[in-house]
Amino acid sequence: MIQSCRVTKLVPEGELLLNKNKIKLNSQVSSSAISSQIKHRPNRRLLLLRFHLWAYQVGLKKIGEPPVVLDTLGVTKSAQNISLYLFKKGFYNNKVDYKIKKTPLRKRANVTYLIDEGEVFQFRKLQIRSINSELQRIVEEDNSNSYIKSGAQADYDLISAERNRINNLMRQNGYFLFNRSLIDFELDTSRERHKVDVVINIVEDIRRRQNVYHIGEILTEIETSNSYTDTIINQSGKYVMNGMDLRTRVLERSTALKQGQRFKQSDISTSYERLIGLGLFQSVDIQMRPREGLDSLKLDVYVRLVSSPRHDLIWEPQLVATEQRFSEEISSRNYGLANEITLKNKNVFHNGEEFNIRLRTALETQFLSDSNSAISTFIQEVNTELKFPHLLFVDGLSKKFNSRTNSTRMSLSYLYERNQFYTRNLLPLTYSYQFAQDKGVYYWTPILISLNKATFDPQVLSELDPSYLAAQERLFTNNLITSHKFSGVLSNREKSPARYSYLNANFIEVAGLF
């Protein structure tokens, strides 16, 4: 009780300290969602105590907070926020009230928000209207992808998503000047009880009629540290290279925007993704400029690229802690140091390739469970990878799969490991393709060869438990493994960035052991 009096010492006479907010409602809406709409909140608690209020009272103003005095205007505003939130969620007839009650403790009060959501309204029918018959046709033909479905809750978030969908749909069909402000919604609740009829009006901009735009000239300029300018002009556009030794077909392949083609919004994002994915540029800027005059339905494209360093050297010192177990009696805990160096070489053959070399050396000390002796372990790894920014030899698959980004990877690695139990040599070779779509990323590995050669200490092998023996034989038997694999990661993240799921699957995998 003494502490209770202390925290209310700064509360003015005749005022009450806001002690707690309570919510009374049925189960149709999440109480946490309702709580987030309440802005008039009591002082924060720490371990059930109002530490910040106490800190303010004893003079620690920087970490403390002044007492939150009950404000009926703030309570009323919070009730209005709750009502507006419920309305946007389809509870058009909701009622929100509140009750203020003093607590047995001196100068404190609790606020209870009394909420009656009422019956939720649902979408019944959708209609599209526009004085431009072509705009209306485009939207009606894509109605299967609409967020407004008959029977769905009349949620304003769905209406906002539908506005964005139609805007993207128009810009995908060449309407460069189209924007969200040209889409109006009319909601009619008079036709049927607790049902909403929706009319989407696509308005024409009175300043300029909506027309389909096509891509005009494309100018690509690379900013480098070189002081001289060199320009290449071909059928795909104009390229100001500024001394960068890169073949223009790499830029042409990476730019989805093509001269003479109809404008599509997705071509801009795809071009960004491909150009950044090359790893040759630290920034990418794409600007669209409508022409004026007789040729006013053309968009000239300006692509500005800022080059990045051709070589990256990465050094990573590491602390190592691993464990190996060969039987209940034979095991080792390894501690040591590792040194990893990675060298990235970009644009090796002037076609946007990337050649990476990674070297890793590790020295470990093993503390055996049955001995106090220290045994040194030596590990040496060499990894090489050559990456091409397109599908080598099968470039036609990118059009067949309608992929946004593509790459081909060739990798060759070598691992040498030696300790008191075994000596192992591992040589894997991989040739793989990667191509990304809106719905996921796919990996095709037509060639995967792994050569394993190992020698195991006979004495340790003879002491292994049968439960460990089979696993160690698989690991250390000399073998040659070949494999063919097709896998992918499917996701709906493009459609639902806030809440999405993904599926990682091996569609086909065939392997042989020799």
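These lines cover the structure that appears in this document, whether it is placed above or below.

Cut-off values and rules
Within each chain, residue numbers correspond to sequence positions counted from 1 in written order. With the structure being a predicted model, the display of local features is reserved for residues of pLDDT at least 70 and the display and counting of side-chain atom pairs for 80 or more, all residues being used for whole-chain, interface and lining totals. Only hydrogens and water are removed before side-chain values are computed, so all heavy atoms of the structure are retained for them. Numbering of helices and strands starts at the N terminus; helices are DSSP runs of H or I of at least 4 residues and strands are runs of E of at least 2. When accessible area is computed with a 1.4 Å probe and restricted to protein chains, residues below 20% of their type maximum are described as buried, those above 50% as exposed, and intermediate ones as partly exposed. By the convention used here, residues are in contact when the closest approach between their heavy atoms is within 4.5 Å. By the criterion applied in these results, polar contacts are pairs of N or O atoms within 3.5 Å in which, for protein atoms, one can donate a hydrogen and the other can accept it, and in which residues neighboring in sequence qualify only through two side-chain atoms. Side-chain rings of Phe, Tyr and Trp, where Trp is taken by its six-membered ring, are said to pair if the distance between their centres is within 6.5 Å; with planes under 30 degrees apart they count as stacked, over 60 as edge-to-face, and otherwise as tilted. Charge-over-ring contacts are defined here by two conditions on Lys NZ or Arg CZ: a distance within 6 Å of the ring centre and an angle within 35 degrees of the ring normal. Here, a strand pair is defined by DSSP locating no fewer than two bridges between the strands. Angles run from 0 to 180 degrees between N-to-C directions of axes, and those axes are lines fitted to C-alpha atoms, restricted for helices to the stretch in contact. Taking the helix axis as origin, the arc is that swept by the directions to the C-beta atoms.

1. Regarding unusual backbone geometry
Right, on to step 1. Positioned with a positive phi, H194 is a non-glycine residue whose angle comes to about 60 degrees.
Right, on to step 2. Counting through the fold element by element, H194 comes out in the loop between β5 (183–188) and β6 (195–202).
Right, on to step 3. Assessed through its relative accessible area of 15%, H194 is described here as buried.
Right, on to step 4. Here the phi dihedral of H350 falls at roughly 70 degrees; this positive angle occurs in a residue that is not glycine.
Right, on to step 5. On the basis of relative accessibility, which here comes to 24%, the residue H350 falls in the partly exposed class.

2. A short note on the environment of R409
Right, on to step 1. With respect to the helices, strands and loops of the structure, R409 is situated in strand β16 (residues 405–418).
Right, on to step 2. Note on R409: relative accessible area 24%, which makes it partly exposed.
Right, on to step 3. Sequence separation between R409 and D188 is 221 residues; the distance between their C-alpha atoms is 57 Å.
Right, on to step 4. Those residues in contact with R409 that lie beyond four places of it in its chain are E385, L386, K387, T430, Y431, S432 and Q434.
Right, on to step 5. Within the structure, the side chain of R409 is placed 3.3 Å from the side chain of E385, a separation counted as a polar contact.

3. Overview of the packing of aromatic side chains
Right, on to step 1. Under the definition given, this model contains 13 aromatic pairs.
Right, on to step 2. Here the aromatic rings of Y442 and F507 are separated by 6.4 Å at their centres, their planes lie at 35 degrees, and the arrangement is tilted. Pair noted here: Y442 is in strand β18 (residues 440–456) and F507 is in strand β20 (residues 502–513), with a separation of 65 residues, a long-range link.
Right, on to step 3. Through pairs of rings, three or more aromatic residues link up here, namely F87, Y92, F121 and Y156.
Right, on to step 4. When the ring centre of Y56 is taken as reference, the NZ or CZ atom of K61 above it lies at 4.0 Å.

4. Focus on the sheet that holds strand β2 (residues 95–102)
Right, on to step 1. Reading across from one edge, β1-β3-β2 is the order of the three strands in this open sheet, with mixed pairing throughout. Of all the strands in the sheet, the pair left with one neighbour each is β1 (17–24) and β2. Going across the sheet, the axis of each strand differs from the next one's by a mean of 20 degrees, ignoring polarity.
Right, on to step 2. Strand direction decides the pairing type here: β2 and strand β3 (residues 108–116), joined by eight bridges, are antiparallel. Bridged to V96 within β3 is I115.
Right, on to step 3. Contacts between helix α4 (residues 72–88) and the sheet are confined to β2 and β3, with β2 contributing the most and set at about 150 degrees to the helix.

5. Some words on helix α5 (residues 133–141)
A turn of α-helix holds 3.6 residues, and therefore any two residues three or four places apart point the same way.
Right, on to step 1. Taken together, the buried positions of α5 are occupied by L135, I138 and V139. Looking straight down α5, one finds its buried side chains confined to an arc of 95 degrees; they lie on one side. Away from its buried face, by an angle of more than 90 degrees, α5 presents the exposed residues S133 and E141.
Right, on to step 2. Where the residues of α5 are buried, they touch β4 (122–130), α6 (156–172) and β6.
Right, on to step 3. Between the side-chain oxygen of the N-cap and the backbone nitrogen of E134 there are 3.1 Å, and the N-cap of α5 in question is N132.

6. Concerning the environment of E15
Right, on to step 1. Along the chain, E15 turns up in the loop between α1 (2–7) and β1.
Right, on to step 2. Taking the C-alpha atoms as reference points, E15 and R171, separated by 156 residues in sequence, lie 57 Å from one another.
Right, on to step 3. Not counting chain neighbours up to four residues away, the residues in contact with E15 comprise V69, L70 and K107.

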